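A structural walkthrough
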Amino acid sequence: LGSTLLGYSGTKGASLTIQSQTIQIGGSAPSGNILHLTPDFFNHGGFGSFILTGLASQGSNPALLVADGAIIEPIVKKLEVLSGGPANPALTVNVVDEPVAAYRQAASISLVGQAPSGAVVGEGAVIRTDPKGSISVTGQTVSILGSLIAQGGTITVGGSNSTTTVFGPSSQPL
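Read on for a plain summary of the structure. (Residues numbered from 1 in each chain as written. Predicted model: local features only at pLDDT ≥ 70, side-chain atom pairs only at ≥ 80, totals over all residues. Heavy atoms only, no water.)

Description of the overall build of the protein
Helix and strand counts for the protein come out as one helix and 15 strands. C-alpha extents for the protein along the principal axes are approximately 80 × 35 × 25 Å. The buried share of the protein, reckoned over its 174 residues, is 36%. When contacts within the protein are restricted to residue pairs at least 6 apart in sequence, those whose partners lie at least 24 apart make up 60%. (Helix = DSSP H or I, 4+ residues; strand = E, 2+ residues; numbered from the N terminus. Buried < 20%, exposed > 50% of the residue type's maximum accessible area, 1.4 Å probe, protein only. Contact = heavy atoms within 4.5 Å.)

This is the structure we're talking about:
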């Protein structure tokens, strides 16, 4: 992106929606017109909700790929404002993360692959939210070869409800 995106708040993480031709999370930086995000991307900027949409496959990459072995464990950070006290009335603003997961805002991650190649969570990849978080992986086709973990939260996996979209007209042999 070449820029800094910030959504910090004192109470709740902001929402971030990104749409790109093709998205890859983790793994080596791909060549071509592919938006490459490191798994650590989800731990910066004060965001608590992420919607990432890949529109088209490119080369061997599906529209949205979580690379083999990628570990995504978002921690939602917030702002804390501290007063210097009576002797120093200046305010200090710090970015903090609550060390106890049960007291943090749980992240919500939605990964969408709109092309026929859909969305893939690679082998050994892990997407894990804090308790009560949510994970959604949807697309025309969806392959989950890794792990999705949202303790006490919600996990949604959904593919196309139309075989024509994936396999073409029924009048043509596969």
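Following the structure, the description resumes.
Regarding the nonpolar core
In this structure, I25, F42, L52, V66, L111 and I127 are the most contacted members of the largest nonpolar core, which totals 25 residues. The set of elements that each furnish at least two residues to this core consists of β1 (14-20), β2 (23-25), β3 (35-37), β4 (47-54), β5 (64-66), β9 (108-113), β10 (119-121) and β12 (134-139). The leading source of residues in this core is β4, at three residues. Beyond its immediate chain neighbours, meaning those up to four positions away, L111 contacts I25, L52, L64, V66, I127, S136, V137 and T138. (Core = buried A, V, L, I, M, F, W, Y, C linked by side-chain atoms within 4.5 Å.)

Remarks on the sheet that holds strand β14 (residues 147-149)
The strand order across the open sheet built from three strands is β6-β11-β14, with neighbouring strands paired in parallel fashion. Of all the strands in the sheet, just β6 (71-72) and β14 have a single pairing partner and so form its edges. Relative to β14, strand β11 (residues 126-128) is paired through three bridges, and the arrangement is parallel. Looking at β14, one finds that I127 is bridged to L148. (Pairing = 2+ DSSP bridges.)

Observations regarding a nonpolar patch on the surface
Together, V81, L91 and V93 line one region of the surface with nonpolar side chains, adding up to about 300 Å² of accessible area. Looking at where V81 falls in the secondary structure, it is placed in strand β7 (residues 78-83). (Patch = residues over 30% accessible without salt bridge, like charges linked within 9 Å, V, L, I, M, F, W, Y side chains within 5 Å. Areas by Shrake-Rupley, 256 points an atom, 1.4 Å probe, with all protein chains shown as cover. Salt bridge = Lys/Arg side-chain N within 4 Å of Asp/Glu carboxyl O.)

Section: the side chain of D130
Mapped onto the secondary structure, D130 falls in the loop between β11 and β12. A distance of 2.6 Å separates the side chain of D130 from the side chain of R104, its partner in a polar contact. Setting aside its immediate chain neighbours within four residues, D130 contacts P74, A101, R104, Q105 and A106. (Polar contact = N/O pair within 3.5 Å; in protein donor to acceptor, adjacent residues only side chain to side chain.)

A look at the packing of aromatic side chains
Evaluation of the coordinates by the stated rule reveals four aromatic pairs. One aromatic cluster is present, formed by F41, F42, F47 and F50 through successive ring pairs. (Phe/Tyr/Trp six-rings, centres within 6.5 Å; stacked < 30°, edge-to-face > 60°.)

Digging into the sheet that holds β5
Pairing is parallel in the open sheet, where five strands are placed in the order β3-β2-β5-β10-β13. Of all strands in the sheet, those with a lone pairing partner are β3 and β13 (142-144), marking the two edges. Shown here is a sheet whose adjacent strand axes are inclined to one another by a mean of 5°, direction ignored. (Axes fitted to C-alpha atoms, helices over the stretch in contact; angles between N-to-C directions.)

Observations regarding the pattern of salt bridges
Applying the stated criterion across every chain yields a total of two salt bridges. Of the charged contacts, one joins E73 and R128 as a salt bridge, the two residues approaching to 2.2 Å between their closest N and O atoms. Separated by 55 residues along the polypeptide, E73 in the loop between β6 and β7 and R128 in strand β11 bring together distant segments of the chain. With relative accessibility at 35%, the residue E73 sits in the partly exposed group. R128 sits in the partly exposed class, given a relative accessible area of 32%. Salt-bridge contacts for R104 lead to D130; the nearest nitrogen and oxygen are separated by 2.6 Å. Pair noted here: R104 is in the loop between β8 (91-96) and β9 and D130 is in the loop between β11 and β12, with a separation of 26 residues, a long-range link. Considered together, R104 and D130 belong to a single accessibility category, that of buried residues.

Remarks on the environment of V112
Examined against the element boundaries, V112 turns out to sit in strand β9. For V112, a relative accessible area of 15% gives the class buried. Note: C-alpha distance between V112 and G10 (102 residues apart in sequence) is 29 Å. Excluding anything up to four places from it in sequence, V112 contacts L52, T53, G54, L64 and T138.

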